[in-house]
Amino acid sequence: VILGIRVPSHQEEAGLDLRKYLWLLSKHRWLILGSAGLFLCIGMAVTFLTTPIYRASTTLQINRDTPNVTNVQTVDPVESSSQDAEFYQTQYELLKSRSLAERVVSTLALQDDPAFLGSAAPSPWARLKGMAFGSPAAPTSAADDLATRQKSAADRVLANLSVDPVRSSSIVTLSYDNPDRQLAQKI
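Below: a short report on this structure. (Residues numbered from 1 in each chain as written. Predicted model: local features only at pLDDT ≥ 70, side-chain atom pairs only at ≥ 80, totals over all residues. Heavy atoms only, no water.)

Quick notes on the overall build of the chain
Helix and strand content of the chain: 9 helices and 3 strands. Each helix and strand of the chain, placed in order from N terminus to C terminus, yields the pattern α-α-α-β-α-α-α-α-α-β-β-α. Burial analysis of the chain (187 residues in total) assigns 13% to the buried set. Restricting to contacts in the chain with at least 6 residues of sequence separation, those with at least 24 account for 69%. As presented, the chain carries roughly 15,100 Å² of accessible surface, and 60% of it is formed by carbon and sulfur atoms. (Helix = DSSP H or I, 4+ residues; strand = E, 2+ residues; numbered from the N terminus. Buried < 20%, exposed > 50% of the residue type's maximum accessible area, 1.4 Å probe, protein only. Contact = heavy atoms within 4.5 Å. Areas by Shrake-Rupley, 256 points an atom, 1.4 Å probe, with all protein chains shown as cover.)

A word on the side chain of Ser97
By secondary structure assignment, the location of Ser97 is in the loop between α4 (81–95) and α5 (98–108). Judged by its relative accessible area of 16%, Ser97 falls in the buried class. In this structure the side chain of Ser97 is engaged in a polar contact, spanning 2.8 Å, whose partner is the backbone oxygen of Leu94. (Polar contact = N/O pair within 3.5 Å; in protein donor to acceptor, adjacent residues only side chain to side chain.)

A look at the sheet that holds strand β1 (residues 54–61)
Strand order in this open sheet of 3 strands is β1-β3-β2, and the pairing throughout is antiparallel. The open sheet has two free edges, formed respectively by β1 and β2 (161–165), since each of these has just one partner strand. In this sheet, neighbouring strand axes are inclined to one another by 20° on average, regardless of whether the strands run parallel or antiparallel. (Pairing = 2+ DSSP bridges. Axes fitted to C-alpha atoms, helices over the stretch in contact; angles between N-to-C directions.)

Digging into the nonpolar core
One finds Ala101, Val105, Leu110, Phe116, Leu117, Ala153, Ala154, Val157, Tyr176, Leu183 and Ala184 forming the largest nonpolar core, which totals 11 residues. Those elements that place two or more of their residues in this core are α5, α6 (114–117), α8 (142–160) and α9 (181–186). Per element, the largest residue contribution to this core is 3 residues, and it comes from α8. Here Leu110 is in contact with Val104, Val105, Phe116, Leu117, Ala153, Val157, Leu183 and Ile187, once residues within four sequence places are set aside. Formed by 8 residues, the second largest nonpolar core is a distinct cluster that contains Phe87, Tyr88, Tyr92 and Leu95. (Core = buried A, V, L, I, M, F, W, Y, C linked by side-chain atoms within 4.5 Å.)

Structure representation (structure tokens):
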């Protein structure tokens, strides 16, 4: 001890004092076990309450009907990489277009599927809100209601669709995500 300050000996500096760490672990064992148990329960609850999302994917090859134009000097087909890039970008945008989504909706009659539109059964909160504030006004006509449902269904198709081109190829992967695996596969 020098001037009231304890100087550690060479033996105390050289090694770890495992007894000290074991004593700390045993002293706080209930706090450590309780925290681990709490986080385990929270993790299990989140896992079991999370809705699974299924992904249905397909692969397409986009072929370009090119005219048979040859270079007279080398007898190789003449291709322009900038025109190819524009062509493929156009095809990708057509796959993500609203008109294609609306055709999918009308072909599969998704505008009439309450499970797809998310209105299968109102939640208890929505029913309570409806009782307290009244139900929403009825649509003015069946045509307006149908158009609204078609637009909503097309928006949902576009929101869950992904178009991923495979680099340096004419291959495109289309994927659709949905909690219902059969519906994801149909779309």
